[in-house]
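The primary structure of each chain is shown beneath.
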Amino acid sequence: MTYPKILAAVATATASALLGVTPVAAQSAKTTADYELVGDYQLGAPSFWDYLTYEPVSHRVFASHVDRIEVIDAKSGKSVGQVKPFHDAHGVAIVPDLGKGYADSGDDGVLKVFSLTDFHILKTIKVADDADGVIYDPGSKTVLVVAGDSKNLTVVSATEDRVVKTIALPGKPEFFAVDGHNHAFVNIADTGSLSRVDLDKGAVTDTWKLNGCEKPHGLAYDAGTNRLFSSCANARMIVVDAASGKNLANLPIGTNSDAVVVDSTRRRAFSANADGTLTIVSEQDGDQFSVQRIVPTFFGGRNMTIDATTGTLYIAHGNMKLMSSLKDLTQLRFGWDGLNLAVFKPNN
C-alpha cells in the first residue's frame, strides 16, 4: 500500500518534535548504531512510491514509482532505466534465470512482464482488481500476486506467463512471504490475522490471529528458524511460528510500517517505519526476541529491501515540502518532493 499522499501539518510537527529526526541526525547516529547511512540517492518525481526489490545478480534495486518501475544501480545510486507505463505500481518480482521481471499495475488489475535486458514490456496478464504485493516463488517457479479489494491471491506460471489458479482469501491481504515448500503466508489487514496458503491445493489451510496487531502490513520469513515477522500499523511486530501459527513475541516498533526484511546471517529482523525510524530486532536461541536498536531514518521511509549477502538496507523515502497555500496557517498540508533511496550498511 502506498504511503498517504498528504500529511497534516500538526501531525508532522508533533512527530518531528518527538523524534527529532533529520538526515543530519541519521548521519550523527552512525557511530553508535548498528547501521550507518552511507548514501541517499535522489530519483525525482513522481512524489509517491511503494515496494522495493533487490536483485543480487545485477546488484539493482527495482522501485515501484507510481507510473513506472525505477531500476537503480545499487552501487552508484543512478537510475539505469525505467519500466512503464503503469497506473499505480506496487509490487515487483525479479526472475534472473528467465531474464524477466514482473510488476503489477493496481488500477488496471494487471501484471506486466518485462525484459531485464532493455526493460520493455513483454506481456500483460490480467490478474485481479487492486493488485498489490508481488513475489516470486523459486520452488514452484510461480509469480504470486495479492489483491486487496479482490481478496485473493493469483498464481502465475513464470515459464508460461499465464494464470494457473486464483485463491480466495478470508479478508484484504497486504504483503506476504513463501517458505520454499509450496506455502505462502499472507497478512490479512482487515482482520489482524495471518493466513497460510497451500499453493498445491490452491486453498487457505489455516488462519491465525495476530494478537495485539492492527492492520498487519510488512511480512518476512526466516528460513533458518521457520519464523515469520509481521509488522502492524499500531507500532507492533508479531513473531509467529510458521508451523503452528503460535505467536511467539509482541515487540514495539515505529508506526505505520510497510516493510519487514530478515538478515539470517546476523539473525535480525528489520521494520521500516513511516515515523522515520528503523527498528532492529535480534533473534536469539530459544525463541527469544528483543529490540536491539532504533535507528533514525527519514519520515515516510516505510518501504525497504535488503541485500541478503552484505546486509545492506535500502529504504525509500521523500523530502517533505509544503503542498498548500500560506494564506490559512490552520490548513497547512505537506507532501513529498519525489523519491529518494537511502542506503544503510551494517557497521558490526
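This text follows the structure it describes.
Residues numbered from 1 in each chain as written. Predicted model: local features only at pLDDT ≥ 70, side-chain atom pairs only at ≥ 80, totals over all residues. Heavy atoms only, no water.

> Break down the packing of aromatic side chains for me, with residues and values.
Overall, the coordinates contain 8 aromatic pairs when judged by the stated rule. For the pair tyrosine 35 and phenylalanine 270, a centre-to-centre distance of 5.3 Å together with 85° between the ring planes defines the contact as edge-to-face. Linking tyrosine 35 in strand β2 (residues 35-44) with phenylalanine 270 in strand β24 (residues 268-273), this pair joins segments that are 235 residues apart in sequence. Comparing tyrosine 35 with phenylalanine 270, the two get one shared label, buried. Its guanidinium or amino end placed over the ring of phenylalanine 86, lysine 112 lies 5.2 Å from that ring's centre, counting from NZ or CZ. (Phe/Tyr/Trp six-rings, centres within 6.5 Å; stacked < 30°, edge-to-face > 60°. Helix = DSSP H or I, 4+ residues; strand = E, 2+ residues; numbered from the N terminus. Buried < 20%, exposed > 50% of the residue type's maximum accessible area, 1.4 Å probe, protein only. Lys NZ or Arg CZ within 6 Å of the ring centre and 35° of its normal.)

> Outline the state of the cysteines, supporting the account with residue identities and numerical values.
Across all of its chains, the model carries 1 disulfide by this definition. Between the sulfur atoms of cysteine 213 and its disulfide mate cysteine 232 the distance is 2.1 Å. Sign of the S-S torsion, about -110° for the bond between cysteine 213 and cysteine 232, identifies this disulfide as left-handed. Residue cysteine 213 is located in the loop between β18 (203-209) and β19 (216-222), and its partner cysteine 232 is located in strand β20 (residues 227-232); the two are separated by 19 residues in the primary sequence. Given the relative accessible area of 0%, cysteine 232 is considered buried. (Disulfide = S-S within 2.5 Å.)

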